[in-house]
Amino acid sequence: MAAKRDYYEILGVDRNVSDEDLKKAYKKVALKYHPDRNPGDKEAEEKFKEAAEAYDVLHDPQKRQAYDRFGHDGLNGAGGFGGGFSGGGMNMEDIFSAFGDIFGSGFGGGFGSGFGRGGSQRGKRVYKGADLRVRLSLTLEEIATGVTRKIKVKKSIQCPDCHGSGAANGAQPETCSHCHGTGYVVTTRQSMFGMVQMQQECPVCHGEGSIIKNKCKKCGGDGIIQGEEVVELNIPAGVADGMVINISGKGNAAPRNGVPGDIKVVIAEEPHNLFIRDEQDLIYNLLLSVNQAILGDTVEIPLISGSKARVKIEPGTQPGKVLRLRGKGLPAIQGYGYGMGDLVVKISVYIPEKVNDQERKIISELQDHTNFTPTENHRKKIFEKYKNYF
């Protein structure tokens, strides 16, 4: 059996810690390892119990004094949590009962003795259907305008025979006579602080508030079966790769007409053959001939909408020059930005890799002309331009 850890170490405090700081430290550790935050995590559950045991000892003056003098051996026979709790002597309900004031004020309404329940501690259990996750591939054209897609998904659906109630022959579940339909019962037990009232899940209806005596044969009383459904997905314009869009209420149906889950749509952006995306901007590489760059021209630039924009190329346009067509990019997704992005046109100049004899002769003749020979001023401009990239 492993040796017990030091109680001060468990809560992350020193031996001179005040009562108030001790309470704060315990709340912090308990919140981190609370079962509601770590469902099914046995290690977290053990650390939660360990923290409760440490606090039980250190916040009690007599137990703390015994522990400070003799360590864990000084707690044998002291009762309460210390000396036996982490070994299984007390359960979760005992912790919530003993430290209810801490959980009530420190953790908020989402935590309490109802851990592990499917619904609210103070009312009938309401089941929640599991969420679904689907991957949706979109083109840039679809992203620019938004799209509606219909997909077929396999999921839990409402039982057609009982319409989700779980009861056979159209009958309705009967109100639980043990809890009178509330889904919980109140019990009183002795704790270290005296008699404490506790609210617990009804052991008869298991928190549902009703009982099905004649279960539906098709679904076995769950109210759901496995099936398929065509779901319409409305994807807004401007989404990006990896973004998750939530489609509320279109996930798995919940047992007993509970709250259906959602569909989490993961966006996968398909590569485009013309444009590169940079957030809301689109980047287009315009390749000019040497003649176009020298003499100027008017060219057509494709737009994501499918139309084209006419752009004037000034004479003497240099490779690397950038033109910006305002508002010709992608829209901002609703709630994530404003306006439209731009179409950024980056200019490249095509240099032939091979020339014939006649072409070589023409080019050689140009070398002797002043305008075809770079000057020192040209070199400085190029240097200043490209040093900014590094």
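Residues numbered from 1 in each chain as written. Predicted model: local features only at pLDDT ≥ 70, side-chain atom pairs only at ≥ 80, totals over all residues. Heavy atoms only, no water.

Engineer: Whenever I open this one, the overall build of the protein confuses me. Can you help?
Structural biologist: A tally of helices and strands in the protein yields eleven helices and 15 strands. In the protein, 65% of the contacts between residues at least 6 apart in sequence involve partners at least 24 apart. Taken as a whole, the protein presents about 23600 Å² of accessible surface, with 49% of it coming from carbon and sulfur. (Helix = DSSP H or I, 4+ residues; strand = E, 2+ residues; numbered from the N terminus. Contact = heavy atoms within 4.5 Å. Areas by Shrake-Rupley, 256 points an atom, 1.4 Å probe, with all protein chains shown as cover.)

Engineer: Whenever I open this one, the packing of helix 2 (residues 19-32) against helix 3 (residues 42-58) confuses me. Can you help?
Structural biologist: The geometry of a pair of packed helices is captured by two quantities: the angle between their axes and the separation between those axes. Remark: helix 2 packs on helix 3, axes separated minimally by 9 Å, with the N-to-C direction vectors making an angle of 170°. Accordingly, the angle class assigned to the pair helix 2 and helix 3 is roughly antiparallel. Facing Leu 22, Lys 23, Tyr 26, Val 29 and Ala 30 of helix 2, the residues of helix 3 in contact are Phe 48, Ala 51, Ala 52, Tyr 55 and Leu 58. Of the residues that constitute the contact of helix 2 with helix 3, the class distribution is nine nonpolar, no polar and one charged. (Axes fitted to C-alpha atoms, helices over the stretch in contact; angles between N-to-C directions. Parallel < 35°, antiparallel > 145°, perpendicular 65-115°, else oblique. Nonpolar A, V, L, I, M, F, W, Y, C, P; charged D, E, K, R; others polar.)

Engineer: Sorry, what's going on with the confidence of the model for the protein here?
Structural biologist: With 80% of its residues at a pLDDT of 70 or more, the protein has an overall mean of 81. Low pLDDT, under 50, characterises residues 77-89; the stretch is placed with 33 contacts to residues that sit more than four places away or in other chains. Below pLDDT 50 for its whole length, residues 103-122 participates in 44 contacts with residues either more than four positions away or in separate chains. (pLDDT = per-residue confidence, 0-100.)

Engineer: Would you mind showing me how to read unusual backbone geometry here?
Structural biologist: Backbone geometry follows two general trends: most residues other than glycine have a negative phi, and most peptide bonds adopt the trans configuration. Of note, the phi angle at His 180 is positive, near 60°, even though the residue is not glycine. Despite not being glycine, Arg 256 has its phi angle at roughly 50°, a positive value. Classification of Arg 256 by relative accessible area gives partly exposed; the value is 25%. (Buried < 20%, exposed > 50% of the residue type's maximum accessible area, 1.4 Å probe, protein only.)

Engineer: I keep staring at the side chain of Asp 342 and nothing clicks. Help me out?
Structural biologist: Turning to its location among the elements, Asp 342 is positioned in the loop between strand 14 (322-325) and strand 15 (343-349). Since its relative accessible area comes to 10%, Asp 342 is described here as buried. Polar side-chain contacts of Asp 342 include one of 3.1 Å to the side chain of Arg 324. When neighbours within four sequence positions are excluded, Asp 342 is seen to be in contact with Gln 280, Asp 281, Leu 282, Arg 324, Leu 325, Arg 326, Gly 327, Lys 328 and Gly 329. (Polar contact = N/O pair within 3.5 Å; in protein donor to acceptor, adjacent residues only side chain to side chain.)

Engineer: Teacher, can you tell me more about helix 2 here?
Structural biologist: For an α-helix, the turn length of 3.6 residues means that residues three or four places apart are oriented alike. Its 14 residues place the ends of helix 2 20 Å apart at the C-alpha level, agreeing with the 20 Å of an ideal helix rising 1.5 Å per residue. Listing the buried residues of helix 2 in full gives Leu 22, Ala 25, Tyr 26, Val 29 and Ala 30. All buried residues of helix 2 project into a common sector of 130° when viewed along the axis, lining one side. When the buried face of helix 2 is taken as reference, the exposed residues oriented beyond 90 degrees from it are Glu 20, Lys 24, Lys 28 and Lys 32. (Expected span 1.5 Å × (residues − 1). Arc of directions from axis to C-beta.)

Engineer: Help me understand the packing of aromatic side chains, please; the structure alone is not making it clear to me.
Structural biologist: Centre-to-centre distance and the angle between the planes together describe a pair of aromatic rings. If you walk through the whole model with that rule in mind, you get four aromatic pairs. Note on Tyr 8 and Tyr 67: the rings are 6.1 Å apart at their centroids and 35° apart in plane angle, and the pair reads as tilted. Remark: Tyr 67 occurs in helix 4 (residues 61-70) and Tyr 8 occurs in helix 1 (residues 7-11); sequence separation between them is 59 residues. A ring pair is formed by Phe 275 and Tyr 284, whose centres lie 6.0 Å apart and whose planes are at 55°; its orientation type is tilted. Judged by relative accessible area, which is 13%, Tyr 284 ranks as buried. Three or more aromatic residues link up through ring pairs in this structure, and these residues are Tyr 7, Tyr 8 and Tyr 67. (Phe/Tyr/Trp six-rings, centres within 6.5 Å; stacked < 30°, edge-to-face > 60°.)

Engineer: What's the story with the sheet that holds strand 15 in this structure? I'm lost.
Structural biologist: As a general point, the strands of a sheet are linked pairwise by backbone hydrogen bonds and lie either parallel or antiparallel. Judged by pairing direction, the sheet is mixed, and its four strands sit side by side in the order 10-11-15-14 without closing on themselves. Each edge of the open sheet is held by one strand with a lone partner, namely strand 10 (275-278) and strand 14. Sheet twist, expressed as the mean angle between neighbouring strand axes with direction ignored, is 30°. (Pairing = 2+ DSSP bridges.)

Engineer: Looking at this model, I keep getting lost on the nonpolar core. Mind explaining?
Structural biologist: With 37 residues, the main nonpolar core has Ile 235, Val 265, Leu 286 and Leu 343 as its most contacted residues. If near-sequence neighbours (up to four positions away) are discounted, Leu 343 is found in contact with Phe 275, Leu 282, Tyr 284, Ile 301, Pro 302, Leu 303, Leu 323, Arg 324, Leu 325, Lys 328 and Gly 329. (Core = buried A, V, L, I, M, F, W, Y, C linked by side-chain atoms within 4.5 Å.)

Engineer: It is not clear to me how the pattern of salt bridges should be interpreted in this structure. Could you clarify?
Structural biologist: Close approach of charged atoms allows side chains with opposite charge to pair. Counted under the stated rule, the structure contains 20 salt bridges. Among the ionic pairs, Asp 131 bridges to Lys 128, the shortest N-O distance being 3.5 Å. Looking at Asp 131, the relative accessible area reads 40%, which means it is partly exposed. A salt bridge links Asp 342 to Arg 326; its shortest N-O distance comes to 2.9 Å. A residue pair is termed long-range when its members are at least 10 positions apart, and Asp 342 in the loop between strand 14 and strand 15 and Arg 326 in the loop between strand 14 and strand 15 qualify at 16 residues. A residue is classified by how much of its surface remains accessible, and Arg 326, at 64% relative accessible area, is exposed. (Salt bridge = Lys/Arg side-chain N within 4 Å of Asp/Glu carboxyl O.)

Engineer: Explain a nonpolar patch on the surface here, please?
Structural biologist: Residues Val 290, Ile 294, Leu 295, Ile 351 and Phe 372 make up a contiguous nonpolar surface patch of about 460 Å² in total accessible area. Relative to the assigned elements, Ile 351 resides in the loop between strand 15 and helix 10 (357-366). You can call Ile 351 exposed: its relative accessible area is 55%. (Patch = residues over 30% accessible without salt bridge, like charges linked within 9 Å, V, L, I, M, F, W, Y side chains within 5 Å.)

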